[in-house]
Amino acid sequence: MRFTVLSLFPELIEQGFNSSITGRAAEKGILSLRCINIRDYASDAYGHVDDYPYGGGAGMVMQAPPIYRAYEAARGENPRPRLIYLTPQGRVFNQALAQELAREEELYFLCGHYEGVDERVLEEIATDRISIGDYVLTGGELPALVLMDAISRMVPGVLGNEDSSRGESFMDGLLEHPHYTRPEVFMGRPVPEILRSGHHANIERYRREESLRRTLEIRPDLLEKAELNQADLSFLEKLQKA
Ligand code: ADE
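Reading guide: rules and limits
- Residues numbered from 1 in each chain as written.
- Predicted model: local features only at pLDDT ≥ 70, side-chain atom pairs only at ≥ 80, totals over all residues.
- Heavy atoms only, no water.
- Helix = DSSP H or I, 4+ residues; strand = E, 2+ residues; numbered from the N terminus.
- Rg over C-alpha atoms; globule rule 2.2 N^0.38 Å.
- Buried < 20%, exposed > 50% of the residue type's maximum accessible area, 1.4 Å probe, protein only.
- Patch = residues over 30% accessible without salt bridge, like charges linked within 9 Å, V, L, I, M, F, W, Y side chains within 5 Å.
- Areas by Shrake-Rupley, 256 points an atom, 1.4 Å probe, with all protein chains shown as cover.
- Salt bridge = Lys/Arg side-chain N within 4 Å of Asp/Glu carboxyl O.
- Expected span 1.5 Å × (residues − 1).
- Pairing = 2+ DSSP bridges.
- Phe/Tyr/Trp six-rings, centres within 6.5 Å; stacked < 30°, edge-to-face > 60°.

A tally of helices and strands in the protein yields nine helices and ten strands. Here the protein has a C-alpha radius of gyration of 23 Å; the compact-globule value for 242 residues is 18 Å, and the former is much larger. Judged by the C-alpha coordinates and their principal axes, the protein covers about 70 × 40 × 40 Å. For the protein, the residues scored as buried account for 41% of the 242 residues in total.

Here it is as structure tokens:
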């Protein structure tokens, strides 16, 4: 997977990306990151990339030409790269979208700042508009890192253990079961007995039930779309009666 990020704060993207599992995958050549500083494509020698909004109002708007020039320079031979503009006005990001985007060979991200970006350049270059949730951040850099992280771990070879992205929260529409490791007793709390029993079928069932319990308690909305078998439904019914 090749990522290209157009931003006014490329160092923030590079730091975030290179500090973790994504950085290690980049060293292995499974991922790559290229950051383009939009300010390098400013219209004047002062590096201005924003201006007052037409129609008045508070704040500044990022101008179209520097962004377009940065895009043109980055794009090379690719006639229409898939370019995601990060905005609270976008479609809300989730695991299914991460999986879909992970199938691309190349993704571009445009990080906005100030009050927004001139709509005309978005119409010209953005193929997707994505939000990471119903709150407003100061810029698109953190959302871009969130997307790249979630997408990267879906790319084969990025996680050491190919299994470790499988049983996780959201992959099957449920929250994940709790985890335990040594010591066996911590502050008077023992590890659940069943996990030390070595009985794999019972452990699987216990974990499934803890997933269901958590999901019912914290995110009951997820149960409507989750894939549930007869045993799951019986267990949920038992919980709801209790
Ligand atoms: N830019 C500012 N806030 C954002 C959000 N919630 N999601 C994506 N991009 C943003």
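So much for the structure itself; the text now carries on.
With that settled, consider a nonpolar patch on the surface. On the surface, a cluster of nonpolar side chains totalling about 440 Å² of accessible area is made up of Phe9, Leu12, Tyr135, Leu137 and Leu142. If you trace the backbone, Leu12 turns up in helix H1 (residues 10-18). Under the relative-accessibility criterion, Leu12 is labelled partly exposed at 38%.

Moving on, we come to the pattern of salt bridges. Counted under the stated rule, the structure contains 16 salt bridges. Across the pair Glu104 and Arg82 runs a salt bridge whose closest N-O atoms are separated by 2.9 Å. Of this pair, Glu104 sits in the loop between helix H4 (95-102) and strand S6 (106-111) while Arg82 is found in the loop between helix H3 (64-75) and strand S5 (83-92), placing the two residues 22 residues apart along the sequence. The exposure class assigned to Glu104 is partly exposed, which follows from its relative accessible area of 30%.

On to helix H7 (residues 200-218), then. Between its first and last C-alpha atoms H7 spans 27 Å; for 19 residues at 1.5 Å apiece the expected length is 27 Å, and the two agree. The set of residues buried in H7 consists of Ile203, Tyr206, Glu210, Ser211, Leu212 and Thr215.

With that out of the way, let us pick up the sheet that holds strand S4 (residues 61-62). A sheet is described by the order of its strands in space; here three strands give the open sequence S3-S4-S7, paired in mixed fashion. One side of each edge strand has no neighbouring strand; the edge strands of this open sheet are strand S3 (50-51) and strand S7 (116-117). One ladder, built from two bridges, connects S3 with S4; its direction is antiparallel. Counterpart to Asp50 in the pairing with S4 is Met62.

Attention shifts here to the packing of aromatic side chains. Tallied over the full model, the rule gives three aromatic pairs. Where Phe3 meets Phe109, the ring centres are 5.9 Å apart and the plane angle is 50°; that geometry is what we call tilted. Here Phe3, found in strand S1 (residues 2-7), pairs with Phe109, found in strand S6; they are 106 residues apart in sequence, far enough to count as distant. A relative accessible area of 1% places Phe3 in the buried class. Its relative accessible area of 0% is what places Phe109 among the buried residues. Ring centres of Tyr68 and Tyr71 lie 5.8 Å apart, and the angle between their planes is 40°; this geometry places the pair in the tilted category. Of this pair, Tyr68 and Tyr71 both sit in helix H3, three residues apart, roughly one helical turn. Under the relative-accessibility criterion, Tyr68 is labelled partly exposed at 31%. What makes Tyr71 buried here is its relative accessible area of 3%. Through a chain of ring-to-ring contacts, the aromatic side chains of Phe3, Phe17 and Phe109 assemble into a single cluster.

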